[in-house]
Amino acid sequence: MLYIISTPIGNLGDISQRAIDSLRAADLIVAEDTRRTINLLKHLGIGKKRMTSFDRHSERRKTPYILAELKEGKNIALVSDSGTPGINDPGEYLVKEAVAAGIAVSPVPGPSAIISALVCSGLLTGKFTFYGFAPKKEGEKRRFLEEMNGRKETKIFYESPYRIEKTIKLIAELIPESRICIARELTKMHEEFIRGTAKEVFARIKDKNLKGEMVIVLE
Ligand code: SAM
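Residues numbered from 1 in each chain as written. Predicted model: local features only at pLDDT ≥ 70, side-chain atom pairs only at ≥ 80, totals over all residues. Heavy atoms only, no water.

### Quick word on the domain arrangement of the protein
Applied cut-off: By convention here, the domain bounds are inherited from an automatic or database domain assignment. Every residue pair with non-hydrogen atoms within 4.5 Å of one another is taken to be in contact. A quick way to say it: buried area is the sum, across both parts, of accessible area lost when two parts are put together, with a 1.4 Å probe.
Its domain assignment divides the protein into domain 1 (2–108) and domain 2 (113–218). Distance from the C-alpha centre of domain 1 to the C-alpha centre of domain 2: 29 Å. Taken residue by residue, the interface counts 6 residues in domain 1 and 11 residues in domain 2. Summed over both sides, the interface of domain 1 with domain 2 buries roughly 590 Å², with 58% coming from carbon and sulfur.

### Topic: the packing of helix α7 (residues 164–174) against helix α8 (residues 198–205)
Where we set the bar: Axis definition: a line fitted to C-alpha atoms, limited for helices to the stretch in contact. Angles are taken between N-to-C directions and run from 0 to 180 degrees. A run of H or I in DSSP counts as a helix once it spans at least four residues, and a run of E counts as a strand once it spans at least two, with each numbered from the N terminus. Working definition: roughly parallel below 35 degrees, roughly antiparallel above 145 degrees, roughly perpendicular at 65 to 115 degrees, and oblique for all remaining angles. In a left-handed crossing the near helix is turned counterclockwise from the far helix by less than a right angle, and in a right-handed crossing that turn is clockwise. Ten residues, namely Ala, Val, Leu, Ile, Met, Phe, Trp, Tyr, Cys and Pro, are considered nonpolar, four, namely Asp, Glu, Lys and Arg, are considered charged, and the remaining ones, Gly among them, are considered polar.
Relative to each other, α7 and α8 sit at 150°, their axes nearing to 8 Å. On the basis of their axis angle, the class for α7 and α8 is roughly antiparallel. Once α7 is placed against α8, the crossing between them reads as left-handed. Of the residues in α8, those touching α7 at I164, E165, I168, K169, I171 and A172 are A198, K199, V201, F202 and I205. Grouping the constituent residues of the contact of α7 with α8 by class yields 8 nonpolar, no polar and 3 charged.

### Some remarks on the site of the ligand
Our working definition: Put simply, a residue is near a molecule or strand once any heavy atom of it comes within 4 Å of that molecule or strand. Pairing of N or O atoms within 3.5 Å defines a polar contact, subject to two protein rules: one partner must be a possible hydrogen donor and the other a possible acceptor, and residues neighboring in sequence count only if both atoms are side-chain atoms. With residues, only the protein chains shown are counted as cover, and all accessible areas are computed by Shrake-Rupley using a 1.4 Å probe. Two kinds of site are reported from a 1 Å grid over the protein atoms alone, namely cavities, where a 1.4 Å probe fits but cannot get out, and pockets, open sets with protein on both sides within 12 Å along at least five of seven lines, and residues are called lining when an atom falls within 4 Å of a point. Each molecule is checked against the cavity or pocket grid, and it sits inside if more than half of its atoms lie within 2 Å of the grid points.
Surrounding the ligand, one finds 18 residues, the nearest of these being I87, D89, A113, L186 and M214. Between the ligand and S112, the relevant distance is 3.1 Å, taken from an oxygen atom to a side-chain nitrogen or oxygen of the residue. Taking L186, its main chain carries an N or O atom lying 2.9 Å from a nitrogen atom of the ligand. In isolation the ligand exposes 580 Å². Once the protein is present, 91% of that is buried. Spatially, the ligand is embedded in the largest pocket. Each residue belonging to the shell around the ligand can be placed in one class, and the counts come to 9 nonpolar, 5 polar and 4 charged. Two domains share the shell around the ligand, each providing at least three of its residues, namely domain 1 (2–108) and domain 2 (113–218).

### Digging into the sheet that holds strand β8 (residues 179–184)
Heads up, the condition is: In short, DSSP must find at least two bridges between two strands for them to pair.
Strands sit in the order β6-β7-β10-β8-β9 across an open sheet of 5 strands; the sheet is mixed. This sheet does not close on itself; its edge strands, each paired only once, are β6 (128–133) and β9 (192–197). Taken over all neighbouring pairs, the strand axes of this sheet differ in orientation by 15° on average, direction set aside. Two elements, β6 and strand β7 (residues 154–159), share 4 bridges in a ladder whose sense is parallel. By the bridge assignment for β7, T129 is matched with K155. Of the strands in this sheet, β8 and β9 touch α8, which is tilted by about 135° from β9.

### Some thoughts on the pattern of salt bridges
For clarity, the cut-off: Throughout this description, the term salt bridge denotes a Lys or Arg side-chain nitrogen within 4 Å of a carboxyl oxygen of Asp or Glu. Partly exposed residues are those whose accessible area sits between 20% and 50% of the maximum for their type, while under 20% is buried and over 50% is exposed, using a 1.4 Å probe and protein chains only.
Taken as a whole, this structure holds 16 salt bridges when the rule is applied. Across the pair E185 and K188 runs a salt bridge, and its minimum N-O distance is 3.2 Å. Here K188 falls in the partly exposed class, since its relative accessible area comes to 26%. Residues joined by salt bridges that share partners form a network here, namely R50, E69, E72 and K74.

### Topic: the pairing of strand β2 (residues 28–31)
To be explicit about the condition: For the handedness criterion, the strands are oriented away from the viewer, and a crossover whose path from the first strand over the helix to the second runs clockwise is classed as right-handed.
Residue alternation in β2 divides its side chains into two sets, L28 and V30 and I29 and A31, and both sets are buried. Where β2 lies against strand β4 (residues 76–79), 4 bridges are found, and the strand directions are parallel. Looking at β4, one finds that A31 is bridged to V79. The pairing of β2 with strand β3 (residues 51–53) spans 3 bridges and is classified as parallel. Residue pairing for β3: A31 is matched across the bridge by S53. Viewed along the sheet, the connection from β2 through helix α2 (residues 34–44) into β3 turns out right-handed.

Laid out in C-alpha cells, this is it:
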C-alpha cells in the first residue's frame, strides 16, 4: 500500500496520530528531503527508518523501484517537506503510475496551506479553484490574473514573499474593489491574515517588506 501522508505546514502539533503510526509502520519512507523528514521523525520519537529521497529531479528515475517494492507487498509512506504531498510537491507522478499499475493508494490527510488559507479568508468556500504558484514574469502574471478574473468562484494561489508586493499591486490595478486575503505564516508564531479590497490590502503591505510563506485568496 502506498500511503500519502500530510505533515505540518509550520506547527508540529498538527501531525496526526495516524500519520505518526503510518510513518512508524512503513517499510520505506519516500521523502522530498530526507534531512527534513529525519528531523520530523526525531521530534516524533520514531527511530531510524529505511528512507529514500524523492524530488522533482529524481521522481521519474525512482518511481519504477518504488513500484517494485509496492508490488512485493511493502507499505510505503510518501511525505513532502510540509503539507500534503502532490500539492505543488512531489507525488503526482508516483500516484499516477501506482494507480496505473493497480497498486492501492491511501491518504493520511492533514495540513495543506490551500485549505487552511481558504477557510480563514472570509471569502466563499463552496466553490474554488487552486492555481499553484503565480508565474514569475510580469506579463505572464498579468495574463494569469486576467484569466482568473473572468471566473466567478474563489481563486487561490501561492506567491513568494519576493514578489508579493508587485503581485498585489497588479491585482489592485486590475480589480481594486475585489476582496482578497493574504494568508501568511499559517499555524506559525507570526500567522497573519491581511483582508480587505485589493486596493486596501496593497496600501497596507506597500513598503512593508512582507516575509514568510503566503497564500493569496481572491473573491
Ligand atoms: N504541499 C504543500 C501544502 O499542501 O500546503 C505546499 C507546498 S508548496 C511547494 C509551498 C508553498 O505553500 C509556499 O511557498 C507557500 O505559498 C505555501 N505555504 C506552505 N506553508 C505555508 C504556511 N505555513 N503559510 C502560508 N503559506 C504556506
